[in-house]
Amino acid sequence: MKINNLNKIYILIVITLLVILLKDVYNVCKESGMLIFNKEEKKEMLIKTEKFGWLAAAGAGEEYPMEIVSGSFIASDGSAQWIPSREVLKAGWGNSNGSWVVGDELRKVPERMILTWLSYAENKFFTGEFELPQQKMYELFKQNYGKGIHPDGSEFDLKFSELTVGLAPKGLVTLWISGFAQIEIGTYQAHETNIEWENFYRGEAKREVVIKSYQNDMLPFVQDEITHNKINNIYWKDLLERYKYSINFNKTEQYKIYDYEIWFINHESVDTKSNDLNYILKSQILKAIPGNMVLFLKDNFGRKLEVRIDLCVPKEKKIEENLSLVEERNKNLELIKVFKTFYAQNENVELYIKFNKEIVKSNIYKPVYSGKVFLKSSTSEVEIPNSTVAVYDAD
């Protein structure tokens, strides 16, 4: 039976409509997770669509206060999570002024970050749109790190729960994932932009008056940098620098490391839950410069020690005292200098704890220092100045 031209047209229309309908169904099913994909396709879909409980936070150093004009984390579907703005940030680079709960409790992992802010010390606006390592963040949010114990004995989940933005001079932006540990996600470079002051500032005061009032409260060395146009971001880039080293000590025949906690000057903090022992035992793993750490050692009979190590403690400063901003900055600069100088001429480096011949244990009322800290290679070693090693019985 022959099909006339009109029937052919009808069939073509029906086929076209079916193709469009099937394509729409496919897209809906793909978005909702109803389709069965191969392993790689399924993982890619989950990276873009799976939701986690996390908040956005931002911070900047007290010495260089910043204010975010607008900012958002953008997911693959274009949805946005607001980054706290319209608040002067000066709680510390790597810290935050606090996170705000806005929108849904669960959120997708972002693939981009858009940010515009004012640097009061520089009297400049900066802006940028940055591609983020979405898969890396997804895997960190996804992983189960076990249970922690509150002081009252109750348990809580160890997980990452915050994306923390850190602003530094000259448009430098660092992003950390934070929670029970803190890990750098990436560092990015923004560019200068122009914003009408009236569109930013809600009061009637002129820009030069507001900026000057903030600058008058800044530390003397920052005011000197402003006067001589010498503000830069070299210090923050040095804080973020990573080196290959392992952690070792001189009594390995008696003790083995079974646990650790490390706080780095780039504001990362890690332990054996976020990283395994290989992280500190292998010299080829890049790590930031440590500021202080705790090593947990076990002897051949199962007895345990807690070794608290503080690097470059300012002279005349007690260990338990908090450092002022200037003291912390000077400590970091000293550590940066030691690492840069040593690595310029050495490789296969160890951060080496040299215990005294006899380890004298401390107590909670009076620390006793039972060793020194070195950078060591096969051909050279240098002591990290003003570093302390206090040994306690581990609980």
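Details of the structure are given in the entry above.
Report follows, based on the coordinates.

Conventions we followed
Residues numbered from 1 in each chain as written. Predicted model: local features only at pLDDT ≥ 70, side-chain atom pairs only at ≥ 80, totals over all residues. Heavy atoms only, no water. Buried < 20%, exposed > 50% of the residue type's maximum accessible area, 1.4 Å probe, protein only. Helix = DSSP H or I, 4+ residues; strand = E, 2+ residues; numbered from the N terminus. Pairing = 2+ DSSP bridges. Phe/Tyr/Trp six-rings, centres within 6.5 Å; stacked < 30°, edge-to-face > 60°. Lys NZ or Arg CZ within 6 Å of the ring centre and 35° of its normal.

Right, let's get into the pairing of strand β13 (residues 182-189). Burial analysis of β13 places six of its eight residues in the buried class, which makes it a mostly covered element. Linkage of strand β12 (residues 172-179) to β13, two consecutive antiparallel strands, is achieved through a turn of two residues.

As a further point, take the packing of aromatic side chains. This structure, assessed with the given rule, holds 22 aromatic pairs. Between F125 and F200, the aromatic rings sit 5.4 Å apart at their centres with planes inclined by 80°, giving edge-to-face as the arrangement. Taken together, the positions of F125 in strand β8 (residues 124-131) and F200 in helix α4 (residues 197-200) put the pair 75 residues apart, joining distant regions of the chain. We note that F125, like F200, is buried. With 6.0 Å between their ring centres and 70° between their planes, Y245 and F339 make a pair best called edge-to-face. With Y245 in strand β15 (residues 242-249) and F339 in helix α9 (residues 325-343), the pair connects residues that are 94 residues apart, well separated along the chain. According to the relative accessible area criterion, Y245 is buried, its value standing at 1%. The class for F339 is buried, based on a relative accessible area of 0%. An aromatic cluster of at least three residues, connected via ring pairs, comprises F52, W54, F73, Y138 and F141. The ring of Y279 carries the charged tip of K287 above its face, separated from the ring centre by 5.3 Å. Lying across the ring of F374, K354 places its NZ or CZ 4.4 Å from the centre.

With that out of the way, let us pick up the pairing of strand β11 (residues 160-168). The side chains of a regular strand alternate between both faces of the sheet. Extensive coverage of β11 is indicated by the burial of eight of its nine residues. As paired elements, strand β2 (residues 55-60) and β11 share six bridges and run parallel to each other. Directly across from A57, in β11, lies its bridge partner T164. Where β11 and β12 come together, eight bridges link them in antiparallel fashion. Within β12, the position partnered with L163 by the bridge is I177. In this antiparallel pair of consecutive strands, β11 and β12, the connection spans three residues, and K170 shows a positive phi of 60°.

Geometric values such as these leave the question of function open.
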